Amino acid sequence: AIAGGVFANVSLNRKICEETGIAEIFIFPGMGDEGLSIGSVLQFLLERDGEACWLRSRKALEDVYLGRDYDTQMLHALNNASNVVRIPGVAEEVAVEQLVQGKICGIFRGRMEFGPRALGNRSIMAAATDKKLNVILNQRLNRTEFMPFAPVVLEERASEVFEINASNCYACRFMTITCLVKEKYREKIPAVVHVDGTARPQTISRSQNPFYHSIINAYMRRSGLPVLVNTSFNAH
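Bear in mind that the values here come from a model prediction, so they are computed numbers and not experimental data.

Here the focus is the packing of aromatic side chains. Per the stated rule, a full pass over the model turns up four aromatic pairs. An angle of 25° between the planes, with centres 5.2 Å apart, marks the rings of F26 and Y170 as stacked. Separated by 144 residues along the polypeptide, F26 in the loop between helix 1 (10-20) and helix 2 (36-49) and Y170 in helix 8 (residues 169-172) bring together distant segments of the chain. There is no split in this pair, since F26 and Y170 are both buried. Taking the centre distance of 6.2 Å and the plane angle of 75° together, the rings of F26 and F174 count as edge-to-face. Here F26 is found in the loop between helix 1 and helix 2, whereas its partner F174 is found in the loop between helix 8 and strand 4 (179-180), with 148 residues between them in sequence. Side by side, F26 and F174 carry an identical accessibility label, which is buried. Three or more aromatic residues link up through ring pairs in this structure, and these residues are F26, Y170 and F174. For R122, the ring lying beneath its charged end belongs to F108, and the centroid distance is 4.0 Å.

Laid out in structure tokens, this is it:
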């Protein structure tokens, strides 16, 4: 288990995982200074309750939707915006229809992610099938032209597309490590493949985020691909 700003380097994390022979790697999702807030609480509980109690109380981190919920304010802003068009229908189905047409969608829903990664509650989504998408999104977000985009993939199909195994699968939940994209998929999802043939995937299960999972699952039924682009709203 590692934390600290240096471990925002997902390629370094991959090397640690693959070249040390460890059984499993976990990079705390808020690996920078923001993680001190949670580390301080854990240290307090350790000192207050003692190590035996602290160890008995441990559990795996399921998700990092720990931030604020702005849904009410967001709905108010959208409902009062004259240039916003509401598309009728079930949200997941409407989103997938846009995605298969090559359009770019965004999710703003529930509590914000803790840490530097967009993980489905504040995410831009798009099909990963067109490399030109990188240019369009980088221009819109004022990002450096070579900056790559990450894939989100259904957890139950992830090992078909990426070199995900017992040692790195937990880290992939939080998009904190790179892994190789399997050869047969590199041409199918070029928008998320780095120049060295790797990607920085987020695996998503239904229990973690049912809404997000249902969109990707519905997109897979339409396209045959269990992968979409996932990037943050952040403009540089």
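Let us now look at the pattern of salt bridges. Under the defined criterion, the tally for this structure stands at eight salt bridges. Across the salt bridge formed by E18 and R14, the nearest N and O atoms sit 3.0 Å from each other. Placement of the pair is E18 and R14 together in helix 1, with a separation of four residues, close to one helical turn. Judged by its relative accessible area of 18%, R14 is buried. In this structure, the salt-bridge partner of E183 is R186, at a minimum N-O distance of 3.7 Å.

About the cut-offs
- Residues numbered from 1 in each chain as written.
- Predicted model: local features only at pLDDT ≥ 70, side-chain atom pairs only at ≥ 80, totals over all residues.
- Heavy atoms only, no water.
- Phe/Tyr/Trp six-rings, centres within 6.5 Å; stacked < 30°, edge-to-face > 60°.
- Helix = DSSP H or I, 4+ residues; strand = E, 2+ residues; numbered from the N terminus.
- Buried < 20%, exposed > 50% of the residue type's maximum accessible area, 1.4 Å probe, protein only.
- Lys NZ or Arg CZ within 6 Å of the ring centre and 35° of its normal.
- Salt bridge = Lys/Arg side-chain N within 4 Å of Asp/Glu carboxyl O.

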